[in-house]
Amino acid sequence: MNLNKLSRARRAAHRVVWGLALAASLGSAWAFPTKPIRIVMGFPAGGPLDQHARLLTDRLQAQLGQPIIIDYKSGAGGTVGAQEVMRAPADGHTLMLANTGVMVINPALYSKLPYNTLKDFVPVARTAMQPLALLVNPKVPANTLQEFVAYAKARPGQINYGSAGNGGSSHLVPEMFKTATGLFMVHIPYRGSAPAFTDLMAGQVQFMAESIPQAAQYHKQGKVRALAVTSRERSPALPDVPTVMESGIKNFEVVGFYGFLAPAGTPKEAVNKLSEAFKAVLSQPDIKTRMVAQGADPAFLGADDFAKFLAAELSSLQNSLQAIAQR
């Protein structure tokens, strides 16, 4: 037996085995996702964000090949959930589903907020744009927005409005409405949209600004009355309800958005794969139809474009708040 040939053969075999092991190691290092993905929501179950998440999760599971778990961490207008995600491992397996309030309004309003949208998170995908509806309890004797304004003006301080918490869209929009109309209404903050909406239907609060998925369902059942929507054009989900501008309040247009973010430091490869999965889900015709029926417009932006959008929204709102403060 030629020992030199045997030795060379062994060395060649070792190189093949080592190469295969290295390839497997590298492959596993970049594999994603490798376990269930947790979507943290800073509001209770049953609200509009929850409906949005549930619309997307089944299809996301099919795209990513892993279960999707929704984890509710409600409190402080979404801040509790944001902190949960900010502190999570930056491996792509924890995401935050948030709205305009969490991503833009809170940072613009509160200088001591425990998170920074652009520094503590990586934008993954914007998924929807969504106006709100201005609602009253059915016992309020007003069928139009102008009738409600007259009713509330005759009762300063006697009308309560509910919100999902301080600083969110459901708080800011009524405050903008109060400024535009000169009304004096009392703010009652709740720990999320669902309990506020329950009290609106029960008459504990008389007025609320709520996203259209929730508003449309209960307006059609007669459990609340939608007086106007905050978009420039009427909502297909509430075609009989005029816009605020149609109702006589000029230049009143407020449209929120939903999006997903990951902890800062999440690998770009994971962010890109997640972003592409959201894009694929949102391109499916039945998902588009169901989202529009809920009152949201599919509005996908990938990671880079979503980051630019968030920076622009933050700058715009901060400028608007400074202008209001100087009046």
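Since this is a predicted model, take the numbers as computed values, not measurements.

## Some details on the nonpolar core
Counting residues in each nonpolar core, the largest one holds 57 residues, and the members touching the most others are L56 and V124. A total of seven residues in this core trace back to one element, the largest contributor, which is helix α10 (residues 268-282). Setting aside residues up to four positions removed in sequence, V124 forms contacts with L95, F260, L261, A262, V271, L274, S275, F278, L301, G302, A303 and F306. With 23 residues, the next largest nonpolar core counts L145, M185, A228 and V254 among its residues.

## A look at the side chain of S170
Note that S170 resides in helix α7 (residues 169-181). Among the polar contacts made by the side chain of S170, one reaches the main-chain amide nitrogen of A164 at a distance of 2.8 Å. In contact with S170, not counting residues within four places along its chain, are Y161, G162, S163, A164 and A209.

## Digging into the packing of aromatic side chains
Per the stated rule, a full pass over the model turns up eight aromatic pairs. Every member of this aromatic cluster is reached through a ring pair, and the members are F148, F177 and F207.

## Considering the environment of S169
Along the polypeptide, S169 turns up in helix α7. When the C-alpha positions of S169 and T100 are compared, they lie 6.8 Å apart, and in sequence the two are 69 residues distant.

## Concerning the packing of helix α2 (residues 48-64) against α10
Remark: α2 packs on α10, axes separated minimally by 9 Å, with the N-to-C direction vectors making an angle of 125°. As far as their axial angle goes, α10 and α2 are oblique. Handedness of the α2/α10 crossing: right-handed. Of α10, the residues touching α2 (which contributes L56, R59, L60, Q63 and L64) are K273, L274, A277, F278, A280, V281 and L282. Split into classes, the residues belonging to the contact of α2 with α10 amount to nine nonpolar, one polar and two charged.

## Description of α10
For an α-helix, 3.6 residues make a turn, and residues three or four places apart therefore share a direction. Its 15 residues give α10 an end-to-end C-alpha distance of 21 Å, which sits within 8% of 21 Å, the value for a rise of 1.5 Å per residue. Three or more residues of α10 are buried, namely A270, V271, L274, S275, A277, F278, V281 and L282. Each buried residue of α10 sits inside an arc of 160° when the element is viewed along its axis, so together they form one side.

## Describing the confidence of the model for the protein
The predicted model of the protein averages 88 in pLDDT, with 88% of residues at 70 or higher. Contacts for the low-pLDDT stretch residues 11-29, under 50 throughout, to residues beyond four places or in other chains number zero contacts.

Procedures and definitions
Residues numbered from 1 in each chain as written. Predicted model: local features only at pLDDT ≥ 70, side-chain atom pairs only at ≥ 80, totals over all residues. Heavy atoms only, no water. Core = buried A, V, L, I, M, F, W, Y, C linked by side-chain atoms within 4.5 Å. Buried < 20%, exposed > 50% of the residue type's maximum accessible area, 1.4 Å probe, protein only. Helix = DSSP H or I, 4+ residues; strand = E, 2+ residues; numbered from the N terminus. Contact = heavy atoms within 4.5 Å. Polar contact = N/O pair within 3.5 Å; in protein donor to acceptor, adjacent residues only side chain to side chain. Phe/Tyr/Trp six-rings, centres within 6.5 Å; stacked < 30°, edge-to-face > 60°. Axes fitted to C-alpha atoms, helices over the stretch in contact; angles between N-to-C directions. Parallel < 35°, antiparallel > 145°, perpendicular 65-115°, else oblique. Left-handed = near helix turned anticlockwise from the far one by under 90°. Nonpolar A, V, L, I, M, F, W, Y, C, P; charged D, E, K, R; others polar. Expected span 1.5 Å × (residues − 1). Arc of directions from axis to C-beta. pLDDT = per-residue confidence, 0-100.

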